[in-house]
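Survey of secondary and tertiary structure
This is what each chain is made of:
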Amino acid sequence: AGHYARYRQDASPRLVEECDAEGLSWTARRARLTRRMCEAEQVVIEPGERIAFTRTLRDIPDVYASAELAAMTEGRTLHEGGNVNNVCADWGLSISQGLAGRRAVALDTRTQAIAAGDDEQVEFIDAALETVDAVVALAERYAAEAGRQGNDMVAVVLERVPAQGARTFHEALQSLRLLQAVVWLSGHHHVGLGRLDQYLWPYLARDLESGRIDEAGAEELLAEFFIALNRDSDLYPGIQQGDNGQSMTLGGTTRDGASAVNPLTWMSLRVARDVGLIDPKVNLRISPDADQALLELATELTRKGLGFPQYANDDVVIPALASHGYDIEDARDYTV
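Please read all numbers here as calculations on a predicted model, not as lab measurements.

**Things to note about the packing of helix α5 (residues 119-149) against helix α7 (residues 169-185)**
In contact at an axis separation of 11 Å, α5 and α7 are set at 125° when each is read in the N-to-C sense. One element, α5, and the other, α7, form an angle in the oblique class. Two packed elements cross with a definite hand, and for α5 against α7 that hand is right-handed. On α7, the residues that touch V135, L138 and A139 of α5 are L178, L179 and V182. Here the residues of the contact of α5 with α7 are counted per class, giving six nonpolar, no polar and no charged.

Here it is as structure tokens:
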């Protein structure tokens, strides 16, 4: 119904003059874009919300004047305007280590790059550090507002993630929501969620085993996460609205060839069916030994008319990737 559109701002940061004045490189300009966008986002937390973050900036500003960019790229073609797209980040690594962990790795690498006299590497790492700090500051503002509203559950979670490594299913979902959203608001697009049932399952398994959450509670949290992904879908580029590549891959095999289907695979299909929204798209990896009941559940989602799940045939894809030179373990770990 477009409820969240009322929070949208008409003006976005202006960056060209700032970047020109400081003589920033392309790398530094992209980092500055992420930082300014995070700073300009207005905090939106709806009553009772448990998975927070709603985009408020409609437009993503340029980092070069159009004439300057045209001169720099004369005789060349910038795919998708030079933005990073059609990729899947290693969300599991960032969620488990937290941005503080990634920052520590970056600082160690920066020391090595300085010793090696690699100025380009140092510049890249400095840009990465700027973006890490910007995302952590954004999360801190959200945590403060949640506390002000008396939403202690969200405040406690955001005081932890994404700065620190997630410990619970709730923390992992919240960390993923914010991290992925910042990639999009930085101008990159068609950045998928990857094998969500693989990297989030350990958090859910521990929660279920400890009694911290039950299956119904976990489904409610996952549903809120799916709903949160749809708050911004009208801002994402695509051939048509909804064609934004915000997809996840379920099922398939593990790196050692065993079945990767787990309780979160089933839960994700059920929740996608029950929520009935355009995001996240579901890619279901299948093989001849796929559980018939799992395929029947997938057809219930198909019946919703959302255009998914799409089916990826492991018996075709894995050998094809291996024939192109991928190690077999990496081929088994593919995502759409």
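**A closer look at the packing of aromatic side chains**
Considering all chains together, one arrives at four aromatic pairs under this definition. Judged by centre distance (6.3 Å) and plane angle (45°), the rings of Y4 and Y7 are tilted. With 5.5 Å between their ring centres and 50° between their planes, F53 and Y142 make a pair best called tilted. Here F53, found in the loop between α2 (26-40) and α3 (66-72), pairs with Y142, found in helix α5; they are 89 residues apart in sequence, far enough to count as distant. Across the pair, Y142 and F53 agree in class, each one buried. Positioned over the ring face of Y334 is R285, at 3.9 Å from the centre of the ring.

**A word on the side chain of Q9**
Positionally, Q9 belongs in the segment before α1 (16-22). Side-chain polar atoms of Q9 contact the backbone oxygen of A40, separated by 2.9 Å. Beyond its immediate stretch of four places on either side in the chain, Q9 contacts A40, E41, Q42, T56, L57 and R58.

**Observations concerning helix α12 (residues 292-302)**
Among all positions of α12, only L294, L297, A298 and L301 are buried. Angularly, the buried residues of α12 cover 100° about the axis, an arc narrow enough to put them on a single face. Looking at the buried positions of α12, the neighbouring elements they touch are α11 (263-275), β4 (281-286) and β5 (310-313). N-capping of α12 is provided by D291, with a side-chain oxygen placed 2.8 Å from the backbone N of A293.

Each value, and the rule that gives it
Residues numbered from 1 in each chain as written. Predicted model: local features only at pLDDT ≥ 70, side-chain atom pairs only at ≥ 80, totals over all residues. Heavy atoms only, no water. Axes fitted to C-alpha atoms, helices over the stretch in contact; angles between N-to-C directions. Helix = DSSP H or I, 4+ residues; strand = E, 2+ residues; numbered from the N terminus. Parallel < 35°, antiparallel > 145°, perpendicular 65-115°, else oblique. Left-handed = near helix turned anticlockwise from the far one by under 90°. Contact = heavy atoms within 4.5 Å. Nonpolar A, V, L, I, M, F, W, Y, C, P; charged D, E, K, R; others polar. Phe/Tyr/Trp six-rings, centres within 6.5 Å; stacked < 30°, edge-to-face > 60°. Buried < 20%, exposed > 50% of the residue type's maximum accessible area, 1.4 Å probe, protein only. Lys NZ or Arg CZ within 6 Å of the ring centre and 35° of its normal. Polar contact = N/O pair within 3.5 Å; in protein donor to acceptor, adjacent residues only side chain to side chain. Arc of directions from axis to C-beta.

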